[in-house]
Amino acid sequence: MDPSDPRSYRPISNLPVSSKLLERLVARQLLAYLNRSGLLPRLQSAYQPHHSTETAILKVLSDVLLAIDAGDLSALVLLDLSADFDTVDHNILLHRLEHTFQFGGVILEWFRSYLVGRQQHVRTSSSSSTPDVITCGVPQGVSTWPYSLFAVHC
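The structure contained in this document is the topic of the report that follows. Bear in mind that the values here come from a model prediction, so they are computed numbers and not experimental data. (Residues numbered from 1 in each chain as written. Predicted model: local features only at pLDDT ≥ 70, side-chain atom pairs only at ≥ 80, totals over all residues. Heavy atoms only, no water.)

Looking now at the environment of V26. As for its placement among the helices and strands, V26 is situated in helix α1 (residues 17-36). When the C-alpha atoms of V26 and I107 are compared, they prove to be 9.9 Å apart, with 81 residues separating the residues in sequence. Not counting the four nearest positions on each side in its chain, V26 is found in contact with W110 and F111. (Helix = DSSP H or I, 4+ residues; strand = E, 2+ residues; numbered from the N terminus. Contact = heavy atoms within 4.5 Å.)

Encoded structure:
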């Protein structure tokens, strides 16, 4: 990538404190709803109390070791999902929120207003790229919650 080309850089959304606070409140309510409704996978590790990447790794390791002990063939495939949130398709995400998770009305429109119609551009000290409409990706600088639970990629 050419460091002098603005398209080589990734935009960052600088959110005010009030937006970050609102996001945390929405995340808390959303997680409570998903737990109450039984909509989270049983082995969901992210965003759950007393769960982390460590508990997820321990579960995978335990499954592999149990399979080996039982004489079964085991294979482990690891994926690098570090840029995963750059590929979340907004239309598919909104469709899943509506049809899979039964979001509607004001709640669905709030998520829609947050995602649809966003533009981004990159500005360096000497140049700026042309603004472009974003149809994929979670705004950077924003918590990836709740998008990781519903992520569907471009």
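What follows picks up the thread again.
What follows covers the packing of aromatic side chains. One pass over the structure, following the stated rule, counts four aromatic pairs. Measuring from centroid to centroid gives 5.2 Å for W110 and F111, while their planes differ by 85 degrees, and the two rings are edge-to-face. For W110, a relative accessible area of 29% puts it in the partly exposed group. Look at F111 and you get buried, because its relative accessible area is 3%. Note on W110 and Y114: the rings are 5.8 Å apart at their centroids and 10 degrees apart in plane angle, and the pair reads as stacked. Here W110 pairs with Y114, and both are found in helix α4 (residues 105-115), just four residues apart, close to one helical turn. Under the relative-accessibility criterion, Y114 is labelled buried at 16%. An aromatic cluster is built from Y33, F103, W110, F111 and Y114, whose rings are joined through pairwise contacts. (Phe/Tyr/Trp six-rings, centres within 6.5 Å; stacked < 30°, edge-to-face > 60°. Buried < 20%, exposed > 50% of the residue type's maximum accessible area, 1.4 Å probe, protein only.)

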